[in-house]
Amino acid sequence: MTTHRSARPPKAGRLVVLGRGQRARKAGRVWLVGAGPGDPELLTLKALKALQMADVVVHDGLVSDEVLDMAPAQARRISVAKRKSRHSYAQDEINRMLVAFAREGLEVVRLKGGDPFVFGRGGEELEACREAGIECHVVPGVTAALAAGASAGAPLTHRGSAQAVTFVTGHAAKGEEPDLDWEALAKANQTVVIYMGLSTAAAIGARLMAAGRAGSTPALIVENASRGDERRIVTTLVELASAAEGLSGPALLVVGEAMALAQAGGAPAAVQPLKVQGVSE
């Protein structure tokens, strides 16, 4: 079993030297890497290569241990887990951390669940690196909505029932309802995927129905998409709030006619890992 090392990041204005000798004289790089929804086999080859050359891995709490284990054993791992109402680090602290490590000449991987640019605040970290003159690369990842639809057998777009798909957040500052275009989201024949919407499921359902979406519209809730403890609940828009009760997440709410194809249940049956030549485990 691999033991992950955790450490506090450098405070503002303080740099930490990790013993890279001469290399510390020139700036390193920051890689904003999408770790996918949890299944390590959904990691892209480019993400794997970035991880394998990392000196420092700054990771979210939702990144699975199996993905973290793909980084070199000597790489320093720093968790900056953000959960609702329990933020261990402010975003500006994370930004400063990435810049500070890169200035030490290190290869810094900012490992984010899903995709860095889909509700991952990757844009803010990219801006911070640009402002500091730090070279920064973005590696896209499989966002949770794609994994949720795949495991449930429910396409997010489907001829005749879903001509569009929209990703929205169900979370807003200070616990308020998200400021969304409810009338646009209530139109039929489209799929609406709500990230971070468990706690606001009742309000979201009420808003969509008040804007004209039928209460009978099929809906799907997927908790821990792609992971071994994945759970899928098939329901309707009017029953969305009650179906979400008792779930702790992370979970997605998916509303739309195409969800009539979704299959409820747990994690998909295990399959033999795919073998890719030239890629070390």
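All values derive from a computational prediction rather than experimental measurement.

A.B. asks: Looking at this structure, I do not really get the overall build of the protein chain. What am I missing?
C.D. replies: Within the protein chain one finds 8 helices and 13 strands. Here the protein chain holds 281 residues, and the buried ones make up 46% of them. If you sum the accessible surface of the protein chain, you get close to 14200 Å²; carbon and sulfur atoms cover 52% of it.

A.B. asks: Looking at this structure, how should I read the sheet that holds strand S12 (residues 251–255)?
C.D. replies: Within a sheet, adjacent strands bond to each other through the backbone by hydrogen bonds, running parallel or antiparallel. Across the sheet, which stays open at both edges, the 6 strands sit in the order S8-S9-S12-S10-S11-S13 with mixed pairing between neighbours. In this open sheet, the two strands that pair with only one neighbour each are strand S8 (165–169) and strand S13 (265–266). With 4 bridges connecting them, strand S9 (residues 191–195) and S12 associate as antiparallel partners. By the bridge assignment for S12, tyrosine 195 is matched with leucine 252.

A.B. asks: How do you make sense of the environment of alanine 243 when you look at a structure like this?
C.D. replies: Mapped onto the elements, alanine 243 comes out in helix H8 (residues 240–244). Residue classification places alanine 243 among the buried positions, given a relative accessible area of 15%. Separated by 23 residues in the primary sequence, alanine 243 and leucine 220 have C-alpha atoms spaced 9.3 Å apart. Setting aside anything within four residues of it in sequence, one finds alanine 243 in contact with Ile221, Ile233 and Thr235.

A.B. asks: Looking at this structure, how should I read helix H4 (residues 122–132)?
C.D. replies: Given 3.6 residues per turn, any residue in an α-helix points the same way as the ones three and four places further on. Of all the positions in H4, only Gly122, Glu125, Leu126, Ala128 and Cys129 are classed as buried. Taken down its axis, H4 places every buried residue within 160° of arc, on the same side. Turned more than 90 degrees off the buried face of H4, the exposed positions are Arg130 and Glu131. Where the residues of H4 are buried, they touch strand S1 (29–34), helix H3 (91–103), strand S6 (107–112) and strand S7 (135–139). Two residues or fewer after H4 comes glycine 133, characterised by a positive phi angle close to 75°.

A.B. asks: Whenever I open this one, the pairing of strand S2 (residues 56–59) confuses me. Can you help?
C.D. replies: A regular strand places its side chains so that they alternate between the two faces of the sheet. Where burial is concerned, the two faces of S2 agree: the one with Val56 and Val58 and the one with Val57 and His59 are both buried. The sheet contact formed by S2 and strand S3 (residues 76–79) spans 4 bridges and is parallel. Along S3, the bridge assignment pairs valine 57 with arginine 77. Where S2 meets S6, 4 bridges bridge the pair, whose relative direction is parallel. The partner of valine 57 across the bridge, within S6, is valine 109.

A.B. asks: Hey, could you run me through the sheet that holds S6 in this one?
C.D. replies: A sheet is described by the order of its strands in space; here 5 strands give the open sequence S3-S2-S6-S1-S7, paired in parallel fashion. What marks the edges here is a single partner per strand, and that holds for S3 and S7. If you compare each strand with its neighbour and ignore which way they point, the axes differ by 20° on average. Pairing analysis gives 6 bridges linking S1 to S6, with the strands arranged parallel.

A.B. asks: When you look at the packing of aromatic side chains in this model, what are you seeing that I'm missing?
C.D. replies: Given two aromatic rings, their pairing is described by the distance between the two centres and the angle made by the two planes. Evaluation of the coordinates by the stated rule reveals 2 aromatic pairs. Judged by centre distance (5.2 Å) and plane angle (50°), the ring pair of phenylalanine 119 and tyrosine 195 falls under tilted. One end of the pair, phenylalanine 119, is in the loop between S6 and H4; the other, tyrosine 195, is in strand S9, and 76 residues separate them in sequence. Residue classification places tyrosine 195 among the buried positions, given a relative accessible area of 8%.

A.B. asks: Whenever I open this one, helix H5 (residues 144–152) confuses me. Can you help?
C.D. replies: Taken residue by residue, H5 has Ala145, Ala147, Ala148, Gly149, Ser151 and Ala152 as its buried positions. Check the buried side of H5 and you find it contacts S8, S9, strand S10 (218–223), strand S11 (231–236) and S12.

A.B. asks: Is there a simple way to think about the confidence of the model for the protein chain in this case?
C.D. replies: Of all residues in the protein chain, 82% have pLDDT values of 70 or greater, and the mean over the chain is 87. Here residues 12–17 is modelled with pLDDT under 50, and outside its nearest four sequence neighbours on either side it reaches 8 contacts, counting other chains as well. Of the regions scoring below 50 in pLDDT, residues 20–24 engages in 10 contacts with residues more than four places distant in sequence or in other chains.

A.B. asks: Please clarify how the pattern of salt bridges should be interpreted in this entry.
C.D. replies: Opposite charge on two side chains allows them to pair when their charged atoms are near. Enumeration over the complete set of coordinates arrives at 8 salt bridges. Across the pair arginine 29 and glutamate 107 runs a salt bridge, and its minimum N-O distance is 2.8 Å. Placement of the pair is arginine 29 in strand S1 and glutamate 107 in strand S6, with a sequence separation of 78 residues. Assessed through its relative accessible area of 24%, arginine 29 is described here as partly exposed. Residue arginine 213 is joined to glutamate 257 by a salt bridge in which the shortest nitrogen-to-oxygen separation is 2.9 Å. Of this pair, arginine 213 sits in the loop between helix H7 (201–210) and S10 while glutamate 257 sits in the loop between S12 and S13, placing them 44 residues apart in sequence. If you follow the salt bridges from partner to partner, you end up with Asp60, Arg110, Lys112 and Glu125 in one network.

Cut-offs used in this document
- Residues numbered from 1 in each chain as written.
- Predicted model: local features only at pLDDT ≥ 70, side-chain atom pairs only at ≥ 80, totals over all residues.
- Heavy atoms only, no water.
- Helix = DSSP H or I, 4+ residues; strand = E, 2+ residues; numbered from the N terminus.
- Buried < 20%, exposed > 50% of the residue type's maximum accessible area, 1.4 Å probe, protein only.
- Areas by Shrake-Rupley, 256 points an atom, 1.4 Å probe, with all protein chains shown as cover.
- Pairing = 2+ DSSP bridges.
- Contact = heavy atoms within 4.5 Å.
- Arc of directions from axis to C-beta.
- Axes fitted to C-alpha atoms, helices over the stretch in contact; angles between N-to-C directions.
- Phe/Tyr/Trp six-rings, centres within 6.5 Å; stacked < 30°, edge-to-face > 60°.
- pLDDT = per-residue confidence, 0-100.
- Salt bridge = Lys/Arg side-chain N within 4 Å of Asp/Glu carboxyl O.

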